[in-house]
Amino acid sequence: MAAAALTDKQLIEQLKAGNYKPVYLLTGDDNHSIDVVSDYIEEHIVDESLRDFDQAVLYGGETSMAEVIDNAMRYPMMSPIHLVLVKEAQSIDLKQWDELAAYLKHPAERSMLVLCYRHKKLDKRTAVYKAIASAGVVLETTKPYDNQVPALITNEVLAHGLNITDKAVNMMIGAIGADMGKLTNELQKLYPLVPQGGTIDERLVEQQVGISKDYNVFELQNAIGRRDPVMCNRIVNYFAANPKSAALPPMLAALYTYLLKIMIYHQLEDPSDEKAAAAALGCKPFFVRDYALAARNYKLGKLASCIGYLHEADLKSKGVHNSGTVSDAEILRELVFKIIH
């Protein structure tokens, strides 16, 4: 059986324990996880007072692999470790990476080279990948699925000794999208405002993030699920009057996920088992009843049509079949009308 993939938290625990390797490759499309590890390394490996001497931060678009290796070969002046952190390493020409494979045959003993290879994964078949995996550590990241993001946000908040309500979570995802980096940045603004052990609720999100607790994509989903045209129109009108309150792309993504979950509910073996249904839907058991109601209002054929309407709206938002005269508010208004009628 293959070993479980290393997580960002596990890697940070290794570093906290002083288990250092000469090279680290942080790669994949989950930029948030890469940033979490690289930020920890940048802030904790070399003492702040010694960073001018023993820490080099390079950028892939502005350096060569030869320069990276030259820095990695330097002996630390005052710190136990000489750190070389390469951000945007994917911008270094792949033809130059063979030089790194040669260096890693005999890497500097008191040097730590960290390569942040974002947006994609370095090919495992290459000699340099194998050399990195042999000499050091590879963290392969994968962007979480949208339905995993609520739990990730909750765990992120819990790790700070706080709690967060489900509605606050959904409000943030609906307005910001499922980008954990952006969501974490917003949470950082909220942490100082809540006492240890306290709760981030929808009122705090409304006040500090600028998302209405009554008019947001979470409430729009519920109104769509109930086929409530009056509430749908109120929310769409609010978005039209307050365009900064909810950008269209993350809203379309949230609605797509919502409709998919209704389709999943239709295919449950035992919809009456709320615990099993919640696990399949990736939500708390309390919310299963909302999906049950939506499933009664939307049969599978109608849901398939709704997915098509979402695709059309997404294309229009990107300028396809849209001369530029149709606003995001009008695109959303037409979409919601088609879905509930």
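Preceding block: the structure.
Report follows, based on the coordinates. Residue numbers run consecutively from 1 along every chain, following the written order of its sequence. Local features are withheld for residues below a pLDDT of 70 in this predicted model, meaning they are given only at 70 or higher, and side-chain atom pairs are given and counted only at 80 or more; totals for whole chains, interfaces and linings count all residues. To get the side-chain values, take all heavy atoms of the structure and skip hydrogens and water.

Describing the overall build of the chain
Working step 1: Secondary structure elements are defined from DSSP: runs of H or I of at least 4 residues count as helices, runs of E of at least 2 residues count as strands, and each element is numbered from the N terminus. Per the secondary structure count, the chain includes 17 helices and 7 strands.
Working step 2: Structurally, the chain occupies a C-alpha span of about 70 × 50 × 45 Å along its principal axes.
Working step 3: Here the chain holds 341 residues, and 46% of them are scored as buried.
Working step 4: The contact criterion used is simple: two residues touch if any of their non-hydrogen atoms lie within 4.5 Å. Of all intrachain contacts in the chain linking residues separated by at least 6 positions in sequence, the fraction that spans at least 24 positions is 73%.
Working step 5: Working note: accessible area of the chain is about 17500 Å², and carbon and sulfur atoms make up 52% of it.
Working step 6: Under the convention used here, Asp and Glu are negative, Lys and Arg are positive, and both His and the chain ends fall outside the count. Charge positions come from single atoms, namely NZ of Lys, CZ of Arg, CG of Asp or CD of Glu. Between the centroid of the 36 positive side chains of the chain and the centroid of its 43 negative side chains there is a distance of 6 Å. Only protein chains enter the accessibility calculation, which uses a 1.4 Å probe; a residue whose area is less than 20% of its type maximum is buried, one above 50% is exposed, and one in between is partly exposed. Computed by Shrake-Rupley with a 1.4 Å probe, the accessible areas treat only the displayed protein chains as cover when residues are assessed.

Some details on empty space enclosed by the protein
Working step 1: Here a cavity denotes grid points, spaced 1 Å and computed from the protein atoms alone, that fit a 1.4 Å probe unable to get out, and a pocket denotes an open set having protein on both sides within 12 Å along at least 5 of 7 lines; residues with an atom within 4 Å of a point are the lining. Grid points are joined across faces, edges and corners, and a volume is the space filled by probe spheres set on the points. Applying the stated rule across the entire model yields 1 cavity of 30 Å³ or more.
Working step 2: If you trace the largest cavity, you find it lined by Y309, E312, A313, K316, I331, E334, L335 and K338.
Working step 3: Within the residue set of the lining of the largest cavity, elements represented by two or more residues are α16 (300–317) and α17 (328–340).
Working step 4: Each residue is assigned to one of three groups, with Ala, Val, Leu, Ile, Met, Phe, Trp, Tyr, Cys and Pro labelled nonpolar, Asp, Glu, Lys and Arg labelled charged, and all others, Gly among them, labelled polar. Each residue belonging to the lining of the largest cavity can be placed in one class, and the counts come to 4 nonpolar, no polar and 4 charged.

With respect to helix α15 (residues 288–297)
Working step 1: Within the sequence span of α15, burial applies to V288, Y291, A292, A294 and A295. End-on, the buried residues of α15 take up no more than an arc of 165 degrees, which puts them together on one face. Taken from the helix axis, the directions to the C-beta atoms give the arc we talk about.

Regarding the environment of G18
Working step 1: By the element assignment, G18 lies in the loop between α1 (8–16) and β1 (23–28).
Working step 2: For the pair G18 and I45, spaced 27 residues apart in sequence, the C-alpha to C-alpha distance is 9.2 Å.

Some words on the nonpolar core
Working step 1: Joining through side-chain atoms within 4.5 Å is the link that ties buried Ala, Val, Leu, Ile, Met, Phe, Trp, Tyr and Cys residues into a set, and such a set is a nonpolar core. In this structure, L220, I224, L255 and L332 are the most contacted members of the largest nonpolar core, which totals 43 residues.
Working step 2: When contributions to this core are tallied by element, the ones reaching two or more residues are α11 (217–226), α12 (229–241), α13 (248–266), α14 (274–281), α15, α16 and α17.
Working step 3: Broken down by element, this core gets its largest block of residues, 10 residues, from α13.
Working step 4: If we ignore the near neighbours within four places in the chain, the residues touching L220 are C232, I235, F239, M251, L255, L332 and V336.

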